[in-house]
Amino acid sequence: MELMDKLEILSDAAKYDAACTSSGVSREARPGSIGSCSLGGICHSFAADGRCISLLKVLMTNSCVYDCKYCVNRRSNDVRRAVFTPRELAELTIQFYRRNYIEGLFLSSGILKNPSYTCEQMIETLELLRNEYHFNGYIHAKAIPGADDALIQQLGLLADRMSVNIELPSQQSLSLLAPDKSKTDILRPMGLITQKIAENTTEIVRYQHTPKFAPAGQSTQMIIGATPDTDFKILNLTQALYKKYSLKRVFYSAYMPVQSDSLLPAIDTKPPLLREHRLYQADWLLRFYGFDASELLDEQHQSFNPLVDPKCNWAINHMEQFPVEVNKAPYEMLLRVPGIGVKSAQRILQTRRTGPISFDGLKRIGVVLRRAQYFLLCQGKMAEGLRVTPESVLRALISKQDYEAALRVQEQPQQLSLFDRDPTKEDLAKCLTGQI
Ligand code: SF4
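Only a predicted model underlies this, so the values are computations on that prediction, with no experimental measurement involved.

Counting its regular elements, the chain contains 17 helices and 10 strands. Considering only contacts in the chain between residues 6 or more positions apart, those separated by 24 or more positions represent 64%. For the chain, the exposed surface amounts to about 21500 Å²; the carbon and sulfur share of it is 51%.

With that settled, consider the packing of aromatic side chains. This model, assessed by the stated rule, comprises seven aromatic pairs. An angle of 85° between the planes, with centres 6.0 Å apart, marks the rings of W314 and F322 as edge-to-face. For the residue pair W314 and F322, the accessibility class agrees, reading buried in each case. Through a chain of ring-to-ring contacts, the aromatic side chains of F291, W314, F322 and F375 assemble into a single cluster. The ring of F251 is capped by R249, whose NZ or CZ atom sits 4.7 Å from the centre of that ring. One cation-aromatic arrangement involves R336 over W314; the distance from NZ or CZ to the ring centre is 4.9 Å.

Of all hydrophobic cores here, the largest spans 113 residues; its most connected members are L126 and L362. Of all the elements, helix 7 (residues 231-245) adds the most residues to this core, at seven residues. Setting aside residues no more than four positions away along its own chain, L126 makes contact with L105, L107, I139, A141, L155, L158 and A159.

Turning next to the pattern of salt bridges. In this structure the tally under the stated criterion is 15 salt bridges. The partner of D229 in a salt bridge is K233, with the nearest N and O atoms 3.8 Å apart. When its relative accessible area of 35% is taken as the criterion, K233 is described as partly exposed. Residues joined by salt bridges that share partners form a network here, namely D67, R74 and D261.

Here we come to a nonpolar patch on the surface. A surface patch of nonpolar side chains, about 210 Å² in accessible area, is lined by M319, M382 and V388. Secondary-structure assignment places M319 in the loop between helix 10 (310-316) and strand 9 (324-325).

With that settled, the discussion passes to the site of the ligand. The immediate surroundings of the ligand are formed by C64, Y66, C68, C71, R74, G110, I111 and K181. Its residues placed into classes, the shell around the ligand shows five nonpolar, one polar and two charged.

The end-to-end C-alpha separation of helix 2 (residues 86-98) is 18 Å, in line with the 18 Å expected for 13 residues at 1.5 Å each. Every buried residue of helix 2 is listed here: P86, L89, A90, L92, T93, I94 and F96. N100 occupies a position one or two residues after helix 2 and carries a positive phi of about 70°.

Another aspect to go through is helix 4 (residues 149-158). Along helix 4, the residues that are buried comprise L151, I152, L155, G156 and L158. End-on view of helix 4: buried residues confined to an arc of 160°, all on one side of the axis. Contacts made by the buried residues of helix 4 are with helix 3 (115-132), strand 5 (138-142), strand 6 (161-163) and helix 6 (183-206). Structurally, the start of helix 4 carries an N-cap: the backbone nitrogen of A150 is 3.1 Å from a side-chain oxygen of D148.

Most of strand 5 is tucked away: five of the five residues are buried. Here strand 5 shows two buried faces, one formed by Y138, H140 and K142 and the other by I139 and A141. Bridge count between strand 4 (residues 104-108) and strand 5: four bridges; the pairing is parallel. Bridging across to strand 5, L105 finds its partner in I139. Read from strand 4 through helix 3 to strand 5, the crossover connection turns out right-handed. With three bridges joining them, strand 5 and strand 6 adopt parallel strand pairing. Pairing of K142 across the sheet is with S163, part of strand 6. In this view, the connection linking strand 5 to its parallel neighbour strand 6 by way of helix 4 has right-handed handedness.

This part is about the confidence of the model for the chain. Residue-level pLDDT values for the chain average 84, and 82% of them are 70 or greater. For residues 21-25, every residue scores under 50 in pLDDT, and the model assigns this stretch 14 contacts once sequence neighbours within four places are set aside. For the stretch residues 413-421, pLDDT sits under 50, and the model shows 28 contacts to residues farther than four places along the chain or on other chains.

Looking now at the packing of helix 2 against helix 3. The N-to-C vectors of helix 2 and helix 3 enclose an angle of 45°; their axes lie 8 Å apart at closest approach. Considered as vectors, helix 2 and helix 3 are oriented oblique to each other. Crossing angle aside, the handedness with which helix 2 passes helix 3 is right-handed. For the pair helix 2 and helix 3, the contacting residues are P86, R87, L89, A90, T93 and I94 in the first and Q121, E124, T125, L128, L129 and E132 in the second. In terms of residue class, the contact of helix 2 with helix 3 is built from six nonpolar, three polar and three charged.

What counts and how
Every residue gets a number counted from 1 within its own chain, in the order that chain's sequence is written. Since the coordinates come from a predicted model, pLDDT governs what is reported: local features require at least 70, and pairs of side-chain atoms require 80 or more to be given and counted, while whole-chain, interface and lining totals use all residues. Each side-chain value is derived from all of the structure's non-hydrogen atoms; neither hydrogens nor water enter the calculation. Each helix is a run of H or I in the DSSP string that is no shorter than four residues. Each strand is a run of E no shorter than two, and both are numbered from the N terminus. Here, two residues are considered to be in contact whenever any of their heavy atoms come within 4.5 Å of each other. The method behind every accessible area is Shrake-Rupley, applied with a 1.4 Å probe, and residues are considered shielded solely by the protein chains displayed. Note on aromatic pairs: the rings of Phe, Tyr and Trp (six-membered ring only in Trp) are paired at centre separations within 6.5 Å, and the planes decide the class, stacked below 30 degrees, edge-to-face beyond 60, tilted for the rest. Burial classification: accessible surface area is computed with a 1.4 Å probe over protein chains only, and a residue below 20% of its type maximum counts as buried, one above 50% as exposed, and the rest as partly exposed. Two conditions define a charge sitting above a ring: the NZ of Lys or the CZ of Arg must be within 6 Å of the ring centre, and it must be within 35 degrees of the ring normal. The set of buried Ala, Val, Leu, Ile, Met, Phe, Trp, Tyr and Cys residues whose side-chain atoms join them within 4.5 Å is what this entry labels a nonpolar core. Salt bridges are identified by distance alone: a Lys or Arg side-chain nitrogen within 4 Å of an Asp or Glu carboxyl oxygen. Put simply, a patch holds well-exposed residues, over 30% relative accessible area, that have no salt bridge, with like charges counted together within 9 Å and Val, Leu, Ile, Met, Phe, Trp or Tyr side chains within 5 Å. Distances are taken per atom, and a residue is near a molecule or strand as soon as one of its heavy atoms is within 4 Å of it. Think of it as three bins: nonpolar holds Ala, Val, Leu, Ile, Met, Phe, Trp, Tyr, Cys and Pro, charged holds Asp, Glu, Lys and Arg, and polar takes everything else, Gly as well. Helix span, as expected, comes to 1.5 Å for every residue beyond the first. Here the arc refers to the directions that run from the helix axis out to each C-beta atom. Side-chain atoms alone can form a polar contact between residues adjacent in sequence; in general such a contact is a pair of N or O atoms within 3.5 Å, and within protein one must be able to donate a hydrogen while the other accepts it. In this scheme, strands are said to pair when DSSP sees at least two bridges between them. Throughout, right-handed denotes a crossover for which the path from the first strand over the helix to the second runs clockwise when the strands point away from the viewer. pLDDT runs from 0 to 100 and stands for how confident the predictor is about each residue. Lines are fitted to the C-alpha atoms to define the axes, a helix being fitted only along its stretch in contact, and any angle between axes, read from their N-to-C directions, falls within 0 to 180 degrees. Geometric relationships in this document are graded by angle, where less than 35 degrees denotes roughly parallel, more than 145 denotes roughly antiparallel, 65 to 115 denotes roughly perpendicular, and other angles denote oblique. We call a crossing left-handed when the near helix sits turned anticlockwise from the far one by less than a right angle, and right-handed when that turn is clockwise.

Next comes the structure, spelled out in structure tokens:
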């Protein structure tokens, strides 16, 4: 098989991995225009300084001895298979790098023969890149669950970032849809990588030339909507993963039906993109806004509100904590006000050192007053002429686009549906005030 055919198969097969974002768009080049888009192939990641870098996103092989029901590469699926040799993949990466197509590599793989053998092939590729071609660019490598610990360690010394995909949020779901995988097999390398990163950080302080182990940390990915696992379960697992394994990111991937199976959602089910979006918003609140998972969802409310983001939902359900005086409120409380982000909360702290802040001042600072004004006092007063009724808060917090998107979601067979009919204005008001 020609190298370009392999590349076509193996970059296309890698596009379902969300732990690194692909373009997700396919668009031919047109006369008179510059550039084209391909679904697979190049993805993007962000460097520590915020710079966007393009990566060649590819599998070592799409042959797999496992049979995960949600995966296009499962052994029982009849698709074209290909395998790169380590040399082929290393040369391809270098050639792409020299042509300035990419700045790094995102390498994952199906399980060829067994996890350890697959890991050895990946290590050989990265060794060629690092030691023979002296490639110093960014490499994100997937750790293969079930591979020998020594191999995972070797891989970590060659890659910048590692990830172990948790895939499904519970052992029950794994047993059902990925019978060859187990929670222990997935969590073991995750724990090992965490431990090695921590040890490495201490060693580097003592010995300056200690080789770095996965200096960009580790991440994971969860598939959303392939199983009945609720947002509540997923968010709690996310929080536990951040705390226990110090992950840099948990990525969520809305399940895209590519397989027909009685255990999976119907093949024409639309990916639950709004649900994925809400999970990313909640994930952000856990990492940067000091929220705990138990504040956002609980046993009684196991799904996110499709109409408003999780922070607004929390604020509306905790109106007893508002309004807060912007000139006195602690940073942690400012962060909980809808319309105030991390930067604007920091600017409020700086500005109020030199004098009291008015609503006009808040606007200049970058606060989204359309949302925030219902939850704030400036020098003891609410914004002039403001009527705080469920309707006015509703209009402020739901944009027309979100409202229409939410209505569209109601028409699809998705977990997030709150109504068995089109919601009325009263339904929306009840939903916002937590009565639903
Ligand atoms: S291990 Fe499962 S998810 Fe990974 S490539 Fe094989 S079948 Fe797909």
